[in-house]
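Structural overview
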Amino acid sequence: MIIYVATIVVIVIIITSLIAVFSKKLLSSIISMGLVSLGVSGLFFFLQAPDVAITEAAIGAGLSTAIFVIALKKVKKGETKDEE
Amino acid sequence: MKNDTPKVFKSIFALFVVAIFMIGLFYAFVSMPKGWGVNVNNRVSRLYILKNVRTATKWLNSGKFFAKGMKPLRAEVPYKPIKFKKTANLEDGAANVVTSIVVDYRGFDTLGEVTVLFLAASGVMMLLFGKRVKPKRKKTEPSLIMYVGTRIAFAVIFLFGIYIFVHGHLTPGGGFPGGAVIASGILGLFLGRNGYSPNHAGLKVFESLSGIAFVIIGLIGLFSVKSFLANFLPTGIIGNLYSAGFISLIYIAIGMKVGSELAAVVDSMIGDTKEEWS
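Since this is a predicted model, take the numbers as computed values, not measurements.

**Overview of the overall build of chain A**
- Secondary structure summary: chain A contains 3 helices and 0 strands in total.
- Secondary structure elements in chain A, listed N-terminal to C-terminal, are α-α-α.
- Overall, the C-alpha framework of chain A stretches about 55 × 25 × 10 Å when taken along its three principal axes.
- Considering chain A as a whole, with its 84 residues, one finds that 25% of them fall into the buried category.

**Details of the interface of chain B and chain A**
- With 15 residues of chain B at the interface, the matching set in chain A holds 12 residues.
- Listing elements by their share of the side of chain B that touches chain A, those giving two or more residues are α7 (175–192) and α9 (247–270) of chain B.
- With 7 residues, α7 of chain B is the largest single contributor of residues to the side of chain B that touches chain A.
- Each residue belonging to the side of chain B that touches chain A can be placed in one class, and the counts come to 12 nonpolar, 3 polar and no charged.

**Some words on the nonpolar core**
- Residues A180, A183, I186, I250, I254 and V266 of chain B are the most contacted members of the largest nonpolar core, which totals 42 residues.
- Mapped by element, the contributors of at least two residues to this core are α3 (50–83) of chain A together with α4 (97–105), α5 (107–127), α6 (144–166), α7, α8 (200–224) and α9 of chain B.
- With 13 residues, α9 of chain B is the single largest residue contributor to this core.
- Filtering out sequence-adjacent residues up to four positions away, I186 of chain B remains in contact with P198, A263 and V266 of chain B.

**Structural notes on unusual backbone geometry**
- One non-glycine residue, Q48 of chain A, adopts positive backbone phi at about 65 degrees.
- Residue position: Q48 of chain A is located in the loop between α2 (26–46) and α3.
- With a phi angle near 60 degrees, L229 of chain B is a residue other than glycine that sits in the positive phi range.
- Here L229 of chain B shows up in the loop between α8 and α9.
- On the neighbour-count criterion, L229 of chain B (26 C-beta atoms within 10 Å) is buried.

**Some remarks on the packing of α5 of chain B against α8 of chain B**
All names here are of chain B.
- Close contact between α5 and α8 brings their axes to 12 Å; oriented N to C, the two are set at 160 degrees. In terms of their interaxial angle, α5 and α8 are classed as roughly antiparallel. Judged by the sense of rotation from one axis to the other, the crossing of α5 with α8 is left-handed. Contacts between α5 and α8 involve G107, L111, V114 and F118 on the former and, on the latter, G211, F214 and G218.
- Here the residues of the contact of α5 with α8 sort into 4 nonpolar, 3 polar and no charged.

**Regarding the packing of α6 of chain B against α7 of chain B**
Residues and elements named next belong to chain B.
- One can describe the packing of α6 onto α7 by two numbers: an axis separation of 8 Å at closest approach and a directional angle of 170 degrees. As summarised for this structure, α6 and α7 are arranged roughly antiparallel, according to the angle between their axes.
- Looking at side-chain class alone, the contact of α6 with α7 contains 15 nonpolar, 9 polar and 1 charged residues.

**A short note on α9 of chain B**
- The terminal C-alpha atoms of α9 of chain B, which comprises 24 residues, lie 34 Å apart, in line with the 34 Å expected from a rise of 1.5 Å per residue.
- The element α9 of chain B is extensively covered by neighbouring structure, given that 21 of its 24 residues are classed as buried.

**Here we look at the environment of G271 of chain B**
Residues and elements named next belong to chain B.
- Tracing the backbone through its elements, the reader meets G271 in the segment after α9.
- Linking G271 and S197, residues 74 residues apart in sequence, is a C-alpha distance of 8.2 Å.
- With sequence-adjacent residues up to four places away left out, G271 is seen in contact with R132 and S197.

**Section: the environment of I3 of chain A**
All names here are of chain A.
- Its place among the elements puts I3 in helix α1 (residues 2–22).
- Residue classification places I3 among the exposed residues on the basis of 8 C-beta atoms within 10 Å.
- Counting along the chain gives 43 residues from I3 to F46, while the straight-line C-alpha distance between them is 8.9 Å.

Rules behind the numbers
- Residues numbered from 1 in each chain as written.
- Chains lettered and ligands numbered in written order.
- Predicted model: local features only at pLDDT ≥ 70, side-chain atom pairs only at ≥ 80, totals over all residues.
- Helix = DSSP H or I, 4+ residues; strand = E, 2+ residues; numbered from the N terminus.
- Buried ≥ 20, exposed ≤ 12 C-beta atoms within 10 Å, placed from the backbone.
- Contact = placed C-beta atoms within 7 Å.
- Nonpolar A, V, L, I, M, F, W, Y, C, P; charged D, E, K, R; others polar.
- Core = buried A, V, L, I, M, F, W, Y, C linked by C-beta atoms within 7 Å.
- Axes fitted to C-alpha atoms, helices over the stretch in contact; angles between N-to-C directions.
- Parallel < 35°, antiparallel > 145°, perpendicular 65-115°, else oblique.
- Left-handed = near helix turned anticlockwise from the far one by under 90°.
- Expected span 1.5 Å × (residues − 1).

What follows is the structure, given as structure tokens:
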């Protein structure tokens, strides 16, 4: 049973990482990177490493995504200021 | 220049102080007592030793490897099962094996990890250093539901983070995830209200104090058990909250340090600063 769930998770990781690389919009890249972290944390949980899973879910999917979004917002603000 | 000579003196004085400090550190490192007359590098878990029975019997018969106060293995090395909430006086009474490796056997490694995180956070703060300015465009005000909801959620998330790092020696988790959970709760507070700013200097002081607490716990180990970051408290019964000696103390220090550090990083990322570079 768990092997099927893990296979689905792996497929989701591969698809979201391809989106993160090839997407034109930076925001969708960032969000799919967060999804990759979420899938990886689920995979860690299946592989009997709950400590790493908790850390990955808190830092990879939570904090680093938020920090990337904030940084993207700041960079875009600077771009519009230059155009004006 | 007029102020040139004092500057030179200042830098020479600083170099002098640093040199004295380094020499003292080197001397302390060279003359550091080897704890229990045991090579600390060889000190691994007893169950790990059990895998290699011949070596275990040899070391046991020589009486060299295991500490004096510790319960010795029997000569024929049988497998003695460890029972939850019953077995007492283990070498390291943490129910979570990962924690006992990370904090007890490889505690110095964790100290280095915390230092790496501290350097990364101070790099972020150095890059984003500057005077706080008000944003020119008015930001959209979050609704009342968001404001109240993030505040209620923050209490729950904060409690959960504290639970993670206080129970680090019993359940999966530990200082780093607990601190990250607390920091994400503070991120929620930032989203809930425009212009929310925690006390930045207070966060820094808190973080430094908990970092110092980590080193002081290690130094207590150095002076009482004669090995840096050695366990100096009784290990108790496995599975109890008050067990595993100093692991919970160190994890509380790490959790507070990581939480305040990441919160300060988020604070300096989210606030608008006037550029002082370029």
